[in-house]
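Now for the letters of each chain:
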Amino acid sequence: MTREEIIAEINSIFVEQFELDPAELTAEKKIFDDLGLDSLDIVDLMIGLQRKFGIPLRQNEEIRKIVTLGDVYEFFVKLAKERPEFAANLKK
Amino acid sequence: MTMAQWRPTPLIYTSMLLWTVGYCAVMLLPFCVASLLPEEARGRFSRWVILQYGRVMVYRAVWPFVRVKFEDGAAGETRPGIYVFNHRSASDPFLVATLNIPVIQAVNGWPMRLPFFGFFARRGGYIDTTKLSYEEARDRMGRMLERGVSVAAFPEGTRSGSRRMNQFRSGVFKAARELGAVIYPCCIVGNEELPDRRFRFRCGRIRVRLLPPLAPEEVRSFGNAFLLKNHIRSRIQREIERMEGIASDE
């Protein structure tokens, strides 16, 4: 799965879960200041993804470092490299 | 110099100080007696003392320089719930007293550390969201709601100091969904400079408007806390614009 495909999948999850405008979803957008998502929203997102993909995400320390949407993309790109089953599930 | 430009800051602080001293003198004995009561009764009494002090400050100490008007649009709903306010100024926590109901506030740390106010806030069972996990804060809110005590929150977290409204944090909305609580959106307008960021006052009018609440079923109908908080934020924003004459009445 390419980086672009992962980003597209992540964006679709954001649109579905938070009803955000797809045009708003660019890497430089700050999660809280620009999109209004705080750590609890991210935890909700992670719990949803965890249920969906069966991969433990909530305890991942990297989540705490997320500031921009670009950080979210990087998090999942890295996860897809480390856990091939995640990338496979993301495609479904 | 016009009335709008005049800064009665020393007069207001002198008045607040005198009213505070007078209020403390009146309440000293009852407060000492109440200290002997069991914890729950002590907390209830402390909340009443805080509420009455807030009302003295809002309706007496700053009058006639600052006039405060409360507008009840809750459509007869009286259940304890979570009151969500916009947050422009340091006067906002005092303005919660206009609700005139048993209430605690969920605060972000510093009010609990204030020498005088912090003591009463701790006694009254105020919730310091910076010291508790989300689950602990939610459970405390739940216990207060069960006792008939509402929770006031400023989900912007920090005061905007202007007419701009900051993004909302999700904590109280997530808690409201999980607790099945009523949410009362509330608007405060006119106090962005009462006081300003340097704690100076002008003369002015403040309006606090309680909007029709969201019943627990409606609160739970939102897919997650993010969608709920954005809905409430939009409602407050629209009403503020209406109150300030930015948007025309629908």
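Analysis parameters
Residues numbered from 1 in each chain as written. Chains lettered and ligands numbered in written order. Predicted model: local features only at pLDDT ≥ 70, side-chain atom pairs only at ≥ 80, totals over all residues. Heavy atoms only, no water. Contact = heavy atoms within 4.5 Å. Buried area = accessible area lost by both parts, 1.4 Å probe. Salt bridge = Lys/Arg side-chain N within 4 Å of Asp/Glu carboxyl O. Polar contact = N/O pair within 3.5 Å; in protein donor to acceptor, adjacent residues only side chain to side chain. Helix = DSSP H or I, 4+ residues; strand = E, 2+ residues; numbered from the N terminus. Nonpolar A, V, L, I, M, F, W, Y, C, P; charged D, E, K, R; others polar. Buried < 20%, exposed > 50% of the residue type's maximum accessible area, 1.4 Å probe, protein only. UniProt positions renumbered as here; feature names shortened; annotations may be inferred.

Draft legend 1. Representation of the interface of chain B and chain A. The interface of chain B with chain A comprises 13 residues on the first partner and 15 residues on the second. Buried surface at the junction of chain B and chain A, both sides included, amounts to about 1100 Å², of which 54% is carbon and sulfur. Seen at the junction of chain B and chain A, the total is 2 salt bridges. For Asp44 of chain A, the salt bridge is made with Lys174 of chain B, and the minimal N-O distance between the two is 2.8 Å. At the surface where chain B touches chain A, the tally comes to 7 residue pairs in polar contact (both at pLDDT 80 or more). Of all the secondary structure elements, the ones that give two or more residues to the side of chain B that touches chain A are helix 6 (134–146), helix 7 (171–179) and helix 9 (225–243) of chain B. Looking at the side of chain B that touches chain A, the element that brings in the most residues is helix 9 of chain B, giving 4 residues. Looking at the side of chain B that touches chain A residue by residue, the classes come out as 5 nonpolar, 4 polar and 4 charged.

Draft legend 2. Representation of the pattern of salt bridges. All names here are of chain B. What the rule picks out here adds up to 20 salt bridges over all chains. Across the pair Arg207 and Glu71 runs a salt bridge, and its minimum N-O distance is 3.0 Å. Of this pair, Arg207 sits in strand 7 (residues 204–210) while Glu71 sits in strand 1 (residues 66–72); the two residues are 136 residues apart in sequence, bridging distant segments of the chain. Judged by its relative accessible area of 14%, Glu71 is buried. Connected through shared salt-bridge partners, Lys69, Glu71, Arg207, Arg209, Glu239 and Arg242 make up one network.

Draft legend 3. Layout of the UniProt feature "modified residue: O-(pantetheine 4'-phosphoryl)serine" (unreviewed entry) in chain A. Residues and elements named next belong to chain A. The positions UniProt marks with the feature "modified residue: O-(pantetheine 4'-phosphoryl)serine" (unreviewed entry) are Ser39. When you line up the elements, Ser39 lands in helix 2 (residues 39–53). When its relative accessible area of 55% is taken as the criterion, Ser39 is described as exposed.

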